[in-house]
Amino acid sequence: MSILNFQNVAMHYADREVFSHVTFSVEKGDKIGLIGANGCGKTTLFGLITGFLEPTDGKIFMSSGLRIGHVEQHACRDSALTVYEELLTVFRRLMELERDLEEIHRKVDLTNGKVPAYLEQQNALNEAYVSSGGLTYVSRAHAALAGLGFTKEEENLPVSALSGGQRTKLSLAKLLLSEPELMLLDEPTNHLDIVSCEWLEDFLQKYSGALIVISHDRYFLDKVTSKTMEITARKLFTGKGCYSEYMKTKALRMETERREYEKGMLEIKRIEKMIEQQKQFNQERNYITIASKEKQIERIRATLPELPPKEHSFKLLFTDVQRSGDEVLYAEGLTKAYEDKTLFENVSLQLFRGDRVFLLGPNGCGKSTLLSMLMGKIPVESGYCHFGVNVRVGYFEQTQASLMQDRSILEEIYTTFPRYTVPEIRTMLGAFNFRGEEIEKNMRALSGGERARVALLKLILQKPNFLIMDEPTNHLDAASREVLEGALAEYEGTLLCVSHDRYFVNRLAQKILYFSGTSFKALDGNYDTYVSYLRGAAVQTSQENTGKKPNAWLQ
């Protein structure tokens, strides 16, 4: 049964068309992934569904009384409540029922159960309470907070003391437990570590309502969704299947349309040549034939598939990488503690040329700290580390703190790499989707994705043979992530990377380092191998990081 219908919906802002002729329906229980490049109109589509925006054209139909849920409805601002108390506001109706039950229990006790009306009311309230989940809402609230990464201590923090990311997670928990008939999620995994992402995936797989989710997390989309909608070239395309299945179908569709278009154009050119020949005869019957052929061309053009304009994606290729020595990194006995909290201790590792190692673990366990220590950003207080012979390190910081805020994009590249001329830099920036006056934009005004592209260009120009990367796919849309994956798949150097992007890890990882307590364990393989191991499948034998004799790459 359809609960939401868009029929030929269009949306314009002033003289800019966001999209047009958008038609789709949402059935009960649908799990839909909404994808597309940054700025293509995904959030606008959500605004139309919630009623925050009105369409320029077309009609939107919803089933009567449809309950739509989105994070903004449950935003946590300066509440004086604790985290747990704020989450319980979702169950306000159940808490009112509890108070009503307490009152009716008191009346029944006072009358010794001799007033039939009180007994009937008590039974009705009990039935409503149980059927609405009254027996489980407290445990569900604690489970949601734990699943999204809140500790028992953090449950008692005032909402006003939370960071922006924590407030977003709390708002997400409130939305999930409100159980709307149609849930709208916009990048729900942005502030979640891998463990929390897996909890959310499990929750949504069991969720009985309908779901539309905007996400660049392709692994998450593959786990949760069974339909896909894509906004591209100001149109909406729909298809069955999760992200990976849709992209395969899309590639086949685009290839078929390209062939049909080329076949049609060849036929048009053939007919046009015939028309030119007829014109040379310059007789009345020839002009009748010409008119007939011109109508034939019009009919062919009407049936040609509309080829979408080429989507500009930045080009990324690590070239001229100098060969390093066989041993790229050696570290022994690294320890980091802040006051009474130890992040990691006695960490020792050895990386060799060509290794592709991914560092996994929950938020706050010390992954970024370890990378900063290896790069000399944080002093080594215990143990030591050094790089091997002819190792040229390129470092991608999660915060991109090395980018100067007061420079333009052009100035940032030229100042760092003065050996290149301005025309050469313009060409390189064009390959990274910075064109025309865009290269004069101030770094401070750039989006997260734009800053990431600038940082990646700087990284390429350094020509590193050892890449240390901290969350490189953050702020990149799916298409840009695939460009980066393709470049790293062909990269001939060594890679040490922290990432929560499981699709990214799965495609590139050869080895996994993961936190266990305050030490590391090592595993050969990718993310799926890591998950299988944690679930008890002995895919590889992990080795505790004991600081003893090395086994090739982890000591």
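Scroll up to find the structure this text is about.
Please read these numbers as outputs of a predicted model, since none were measured by experiment.

## Brief notes about the packing of aromatic side chains
- Applying the stated criterion across every chain yields a total of 13 aromatic pairs.
- Ring centres 4.6 Å apart and planes at 25° place the aromatic pair F6 and F24 in the stacked group. Residue F6 is located in strand β1 (residues 2-13), and its partner F24 is located in strand β2 (residues 16-27); the two are separated by 18 residues in the primary sequence. Both residues of the pair, F6 and F24, count as buried.
- Here the aromatic rings of F387 and F466 are separated by 6.0 Å at their centres, their planes lie at 70°, and the arrangement is edge-to-face. Of this pair, F387 sits in strand β13 (residues 384-387) while F466 sits in strand β15 (residues 466-470), and the two are 79 residues apart along the sequence.

## Section: the pairing of strand β9 (residues 235-240)
- Bridge count for strand β8 (residues 227-232) against β9 is six bridges, and the pairing is antiparallel. Residue T228 lies in a different strand from β9, and its bridge partner there is G239.
- Where β8 folds back onto β9 in an antiparallel hairpin, the turn is made up of two residues, including A233, whose phi is positive at roughly 55°.

## A short note on the sheet that holds β13
- Sheet architecture is open: three strands sit in the order β11-β10-β13, paired in antiparallel fashion. Edge positions in the open sheet fall to β11 (341-352) and β13, since each of these has one partner strand only. In this sheet, neighbouring strand axes are inclined to one another by 15° on average, regardless of whether the strands run parallel or antiparallel.
- Lying on the sheet, helix α12 (residues 367-374) is in contact with β10 (327-338), β11 and β13; it crosses β10 at an angle near 125°.

## What to know about the pattern of salt bridges
- Summed over all chains, the structure comprises 30 salt bridges.
- Between D326 and R353 there is a salt bridge; the shortest N-O distance is 3.2 Å. Here the residue D326 occupies a position in the loop between α11 (284-303) and β10, and R353 occupies one in the loop between β11 and β12 (356-360), the gap between them amounting to 27 residues.
- Taking the relative accessible area as the measure of exposure, R353 reaches 32% and is therefore partly exposed.
- With a closest N to O distance of 2.6 Å, E412 and K458 form a salt bridge. Pair noted here: E412 is in helix α13 (residues 409-416) and K458 is in helix α15 (residues 448-462), with a separation of 46 residues, a long-range link. Neither E412 nor K458 differs from the other in exposure class; each is buried.

Scoring rules and cut-offs
Residues numbered from 1 in each chain as written. Predicted model: local features only at pLDDT ≥ 70, side-chain atom pairs only at ≥ 80, totals over all residues. Heavy atoms only, no water. Phe/Tyr/Trp six-rings, centres within 6.5 Å; stacked < 30°, edge-to-face > 60°. Helix = DSSP H or I, 4+ residues; strand = E, 2+ residues; numbered from the N terminus. Buried < 20%, exposed > 50% of the residue type's maximum accessible area, 1.4 Å probe, protein only. Pairing = 2+ DSSP bridges. Axes fitted to C-alpha atoms, helices over the stretch in contact; angles between N-to-C directions. Contact = heavy atoms within 4.5 Å. Salt bridge = Lys/Arg side-chain N within 4 Å of Asp/Glu carboxyl O.

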